Amino acid sequence: EPDHPAVRLLTGATPPEAGGVLSRWEEADLLRQALDRDGEQPAWNYLLAVWEVENARVQQGLARLAGIAARDSGVSWLAHCVLADHAAHVAGQPEAAVVHLEAVLAARPEDHRLLCWLDDLLRGLQDLPSRRERWASVSPALRQRGDIVFRLARLALDEGRGADAAAMLLAQRFSVYEGGTSVRRLYVDALLVAALAALVRQDSAAAAGHCRA
């Protein structure tokens with residue numbers, strides 16, 4: 001079957017880096033044959049590791065992924081992502097997940113998905129300094145994305161800068177895919193924090209304005 005995904009991988013019609021996911025034992029056998037011919041090819045090893053993890057050979061697959069991540073190749077970042085996913089959502093080790101994501105972002109600093117994921121992990125760890133440092137290095141173009149603006153505003157709120165957070169959210173036009181409910185909840189929380197800060201300063205006019213908003 002020349003159009004079968006595994007055959008296309010093995011014949012070079014689809015590059016291994018495309019991230020095909022294999023699930024049948026026949027496909028795994030084809031991967032092993034490819035490894036026998038070219039055992040140093042990291043992409044084949046990565047695909048086999050994914051197959052192993054998805055077919056209840058988790059420790060074997062994780063060990064293979066760790067070996068791939070330790071070597072510089074076109075798929076080492078993918079191995080780090082899978083290891084981060086396992087550490088965060090299966091092993092309950094967010095610190096280890098952060099290490100893997102930092103390794104990926106060293107090579108892919110503008111990957112917005114990974115940046116957002118890392119920020120979520122760091123927030124769970126209550127690591128404000130690392131979040132602040134990471135977002136300070138983000139390019140102006142990336143700061144225009146709604147998902148990035150949301151997390152920048154959330155950082156401002158976590159630092160007690162409610163008015164700044166509300167202003168960021170109000171200035172951004174979010175798409176329907178960027179979490180309308182979450183954005184509205186964050187906006188309300190930011191205004192409440194700003195109102196409380198105004199009351200502490202005994203600025204009743206500003207507090208009233210935030211509450212009316």
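About the cut-offs
Residues numbered from 1 in each chain as written. Predicted model: local features only at pLDDT ≥ 70, side-chain atom pairs only at ≥ 80, totals over all residues. Heavy atoms only, no water. Helix = DSSP H or I, 4+ residues; strand = E, 2+ residues; numbered from the N terminus. Buried < 20%, exposed > 50% of the residue type's maximum accessible area, 1.4 Å probe, protein only. Contact = heavy atoms within 4.5 Å. Areas by Shrake-Rupley, 256 points an atom, 1.4 Å probe, with all protein chains shown as cover. Salt bridge = Lys/Arg side-chain N within 4 Å of Asp/Glu carboxyl O. Core = buried A, V, L, I, M, F, W, Y, C linked by side-chain atoms within 4.5 Å.

Draft legend 1. Seen up close, the overall build of the protein. The helix and strand inventory of the protein stands at 12 helices and zero strands. Each helix and strand of the protein, ordered N terminal to C terminal, gives the series α-α-α-α-α-α-α-α-α-α-α-α. Counting only residues that meet the buried cut, the protein has 37% of its 213 residues in that class. Sequence separation of 24 or more characterises 44% of the internal contacts of the protein that already satisfy a separation of 6 or more. In the form shown here, the protein has an accessible surface area of approximately 11,900 Å², with 54% of it arising from carbon and sulfur atoms.

Draft legend 2. View of unusual backbone geometry. Despite not being glycine, alanine 56 has its phi angle at roughly 65°, a positive value. Structurally, alanine 56 is set in the loop between α3 (42–54) and α4 (58–69). In the Ramachandran plot, glutamine 126 falls in the positive-phi region, its phi being about 55° despite a non-glycine side chain. You can see glutamine 126 is positioned in the loop between α7 (112–124) and α8 (128–136).

Draft legend 3. Spotlight on the pattern of salt bridges. Counting across every chain of the model gives 15 salt bridges. Across the pair arginine 151 and aspartate 120 runs a salt bridge, and its minimum N-O distance is 3.2 Å. Of the two residues, arginine 151 sits in helix α9 (residues 146–158) while aspartate 120 sits in helix α7, which places them 31 residues apart along the sequence. Put simply, Asp119, Asp120, Arg123, Arg131, Arg151, Arg154 and Asp158 are held in one network by salt bridges that share partners.

Draft legend 4. Broad picture of the nonpolar core. Leu101, Leu114 and Trp135 are the most contacted members of the largest nonpolar core, which has 21 residues in total. Residue assignment for this core shows that the elements contributing at least two residues are α5 (76–89), α6 (94–107), α7 and α9. Grouped together as the second largest cluster of nonpolar side chains are 18 residues, Leu35, Ala49, Ala69 and Leu78 included.

Draft legend 5. Representation of the side chain of arginine 134. Looking at where arginine 134 falls in the secondary structure, it is placed in helix α8. Under the relative-accessibility criterion, arginine 134 is labelled buried at 18%. Residues in contact with arginine 134, not counting those within four places in the same chain, are Glu102, Leu105, Leu115 and Leu118.

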